[in-house]
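Spelled out from the first residue to the last, the chains are:
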Amino acid sequence: MQNGISSAVIRRMPRYYRYLEELLDNGVDRISSGDLSKSMHITASQIRQDLNNFGGFGQQGYGYNVKYLHDEIGKILGLDQRHNIIVIGVGNLGQAISNYVNFDPLGFHMVGLFDVNPALKGKEIRDIPIRMIDELPEFLENHQVDIAALTLPKEKAKEAADLVLSFGVKAIWNFALVDLDVPDDVVVENVHLSDSLMRLSYDISRKNPKEDS
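Residues numbered from 1 in each chain as written. Predicted model: local features only at pLDDT ≥ 70, side-chain atom pairs only at ≥ 80, totals over all residues. Heavy atoms only, no water.

> I tried to follow the overall build of the protein chain on my own but got confused; where do I start?
When you go through the protein chain residue by residue, the secondary structure sums to eight helices and nine strands. Summarising its shape, the C-alpha atoms of the protein chain cover approximately 60 × 55 × 35 Å along the three principal directions. On the protein chain, roughly 13300 Å² of surface is accessible, and the fraction owed to carbon and sulfur atoms is 49%. Distance from the positive charge centre (22 side chains) to the negative charge centre (30 side chains) of the protein chain: 6 Å. (Helix = DSSP H or I, 4+ residues; strand = E, 2+ residues; numbered from the N terminus. Areas by Shrake-Rupley, 256 points an atom, 1.4 Å probe, with all protein chains shown as cover. Lys, Arg positive; Asp, Glu negative; His and termini not counted. Charge placed at Lys NZ, Arg CZ, Asp CG, Glu CD.)

As structure tokens, then:
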């Protein structure tokens, strides 16, 4: 729970932002919680409760101004700020993340790529050269880095995390299959793809159980 707001509410906020962006793209100026509920498959009361944690934003009989709500949720999520990201580990997953162009409109800017494979040295992804990991300390000393994405084997992830934290990085986007032990003022977002598949398997096995062969 953050600032008295549950993590479940916080995790729904990006989804609200995405749906509101789609409404803006479709020229929708305002929407009721009921109509938003039908699109998102969340109850209208849940939507109102979630948004009331941050001030409500709606008017009875009018609903929500789509652009205003979209902008306010963007501020809540910190999307009105610039966040510089580096990727440590530029294998298949690291390259896929680095090539994802939709980060930029949200204020997330890729500023550095690092790997241990000499064959990758000097190659560019979106005009950013891949540097060797031994160049990372000097880079961190001379560049503002807000988020480090770890897309490297788990046995190397802790060492990389300790290094970036020692240079004042306060957020880690962790794709490595390891739980990191970090100070209280550091934020870690774990994205373990196998965990997601296992949750999917759990849901499938209960909704569509297979007969024993």
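> Would you explain the layout of surface pockets in this entry?
Empty space among the atoms can be located by rolling a probe the size of a water molecule over them. Its volume calculated, the largest pocket comes out at about 1700 Å³. What lines the largest pocket is a set of 33 residues, and nearest its centre among them are P14, L77, L79, F108 and E189. By residue number, the principal contributor to the lining of the largest pocket is helix α1 (residues 7–25), which donates seven residues. Looking at the lining of the largest pocket residue by residue, the classes come out as 23 nonpolar, six polar and four charged. Roughly 350 Å³ of volume is contained in the second largest pocket. Taken together, 18 residues make up the lining of the second largest pocket; nearest its centre are I88, V116, I133, L152 and K156. Only α5 (92–98), β4 (108–115) and α7 (154–166) provide two or more residues apiece to the lining of the second largest pocket. Per-element accounting of the lining of the second largest pocket gives the leading share, four residues, to α7. (1 Å grid on protein atoms, 1.4 Å probe; cavity = no way out; pocket = protein on both sides within 12 Å on 5 of 7 lines; lining within 4 Å. Points joined across faces, edges and corners; volume = space filled by probe spheres on them. Nonpolar A, V, L, I, M, F, W, Y, C, P; charged D, E, K, R; others polar.)

> Looking at this structure, how should I read the side chain of H192?
Structurally, the position occupied by H192 is in the loop between β9 (187–190) and α8 (193–207). For H192, a relative accessible area of 12% corresponds to the buried category. Excluding residues within four positions of it along the chain, H192 makes contact with N174, F175, A176, L177, V178 and D179. (Buried < 20%, exposed > 50% of the residue type's maximum accessible area, 1.4 Å probe, protein only. Contact = heavy atoms within 4.5 Å.)

> Sorry if this is basic, but what is going on with the sheet that holds β4 here?
Paired through backbone hydrogen bonds, the strands of a sheet run either parallel or antiparallel to each other. Judged by pairing direction, the sheet is mixed, and its seven strands sit side by side in the order β5-β6-β4-β3-β7-β8-β9 without closing on themselves. Strand pairing shows two members of the sheet lacking a second neighbour, β5 (124–125) and β9, which therefore form its edges. Pairing geometry for strand β3 (residues 83–88) and strand β7 (residues 147–150), over four bridges, is parallel. If you follow I88 over to β7, its bridge partner there is L150. The strands touched by α7 within the sheet are β3, β7 and β8 (171–174), with β7 carrying the most contacts at an inclination of about 170°. (Pairing = 2+ DSSP bridges. Axes fitted to C-alpha atoms, helices over the stretch in contact; angles between N-to-C directions.)

> Please clarify how helix α3 (residues 44–52) should be interpreted in this entry.
Residues separated by three or four positions in an α-helix point in the same direction, a consequence of the helix having 3.6 residues per turn. Turning to α3, its buried residues number three or more, namely A44, I47, D50 and L51. All buried residues of α3 lie within an arc of 125° about the axis, which places them on one face of the element. On the buried face of α3, the contacting elements are α1, α2 (33–40), β2 (64–65) and α4 (66–76). (Arc of directions from axis to C-beta.)

> Whenever I open this one, the side chain of N84 confuses me. Can you help?
With respect to the element layout, N84 can be found in strand β3. Since its relative accessible area comes to 10%, N84 is described here as buried. Ignoring any residue separated from it by four or fewer positions in sequence, one finds N84 in contact with H109, V111, Q144, V145, D146 and I147.

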